[in-house]
Amino acid sequence: MTVRPILTLGDPRLRLVGEPVDSFGKYLHELIDDLTHTMRDAPGVGLAAPQIGEALQVCVIEVGGQLHELVNPRIVRASGDDRDLEGCLSVPGYVAYVTRREKVWLKAQNRYGRAIKPVGSGLLARAMQHELDHLAGKLYIDYLESFDELIPVSRMEEEAAAEPGREMPALA
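Residues numbered from 1 in each chain as written. Predicted model: local features only at pLDDT ≥ 70, side-chain atom pairs only at ≥ 80, totals over all residues. Heavy atoms only, no water.

**Q** Let's hear about the overall build of the protein: which residues, and what values?
**A** Looking only at helices and strands, one finds 3 helices and 7 strands in the protein. The order of helices and strands in the protein, counted from the N terminus, is α-β-β-β-β-β-β-α-β-α. A compact globule built from 172 residues should have a C-alpha radius of gyration of about 16 Å, and the protein, at 16 Å, falls within 12% of that. In terms of overall dimensions, the protein has a C-alpha envelope of 50 × 35 × 30 Å along the principal axes. Here the protein holds 172 residues, and 47% of them are scored as buried. Roughly 8,700 Å² of accessible area belongs to the protein as shown, and the carbon and sulfur atoms make up 49% of that amount. (Helix = DSSP H or I, 4+ residues; strand = E, 2+ residues; numbered from the N terminus. Rg over C-alpha atoms; globule rule 2.2 N^0.38 Å. Buried < 20%, exposed > 50% of the residue type's maximum accessible area, 1.4 Å probe, protein only. Areas by Shrake-Rupley, 256 points an atom, 1.4 Å probe, with all protein chains shown as cover.)

See the structure below:
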């Protein structure tokens, strides 16, 4: 497992649409392991292959101690709306309020090519939608009307220090 560099805003590879995966061998397994190791090292709750320069439909998400390895994922159903702070490892130093679906149902494959049907709600649903956006070449900032909506993390840290119990948003 290798910690790979995470591409940041301005790198055109972040806008590449991931290609479907049709080979489930050693290369894919090493990519998933690298994604997991890189995400944990960052630290973040999710990471998509395009964020490390691999234009493939692969991402990992870890919420509540459970790791989700998703290959060729797609949303098949969604319900509710949830507006919350969101950050991204590829847009370091900033967060913003983004409205996402509160619950999502996916169809995907695991690292061995077997069909899986993960369901997420709350933070997991947000992270799933965030990572699937990366696979389509989209960033959370695309939902903003203006970059003025971005909140510097330094300001959030100051506010969190002033308000005990306030948590920082997770980064995907």
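Still more to cover.
**Q** Could you give an account of unusual backbone geometry, naming the residues involved and the relevant values?
**A** Peptide bonds are mostly trans, and most non-glycine residues show a negative phi. The residue after A42, namely P43, is reached through a cis peptide bond having omega -10°. Inspection of the secondary structure assignment puts P43 in the loop between α1 (26-41) and β1 (46-48). Even without being glycine, N72 reaches a positive phi, approximately 55°.

**Q** Give me the environment of D84: which residues, what numbers.
**A** On the secondary structure map, D84 appears in strand β3 (residues 66-87). Under the relative-accessibility criterion, D84 is labelled partly exposed at 38%. For the pair D84 and G122, spaced 38 residues apart in sequence, the C-alpha separation works out to 9.8 Å. Other than its neighbours up to four places away in sequence, D84 contacts A96, Y97, V98 and R126. (Contact = heavy atoms within 4.5 Å.)

**Q** Could you give an account of the pattern of salt bridges, with specific residues and numbers?
**A** Applying the stated rule across the entire model yields 13 salt bridges. Across the salt bridge formed by E30 and K26, the nearest N and O atoms sit 3.7 Å from each other. On the criterion of helical spacing, the pair formed by E30 and K26 is a turn pair, its members being 4 residues apart in helix α1. Owing to a relative accessible area of 40%, E30 belongs among the partly exposed residues under this scheme. Put simply, R40 and E62 hold a salt bridge, and the shortest N to O gap is 2.7 Å. Taken together, the residues span a long stretch of sequence, with R40 in helix α1 and E62 in strand β2 (residues 58-63) at a distance of 22 residues. For E62, a relative accessible area of 21% translates into the label partly exposed. In this structure, a network of salt bridges that share partners links the residues D82, E86, R100, R126 and D133. (Salt bridge = Lys/Arg side-chain N within 4 Å of Asp/Glu carboxyl O.)

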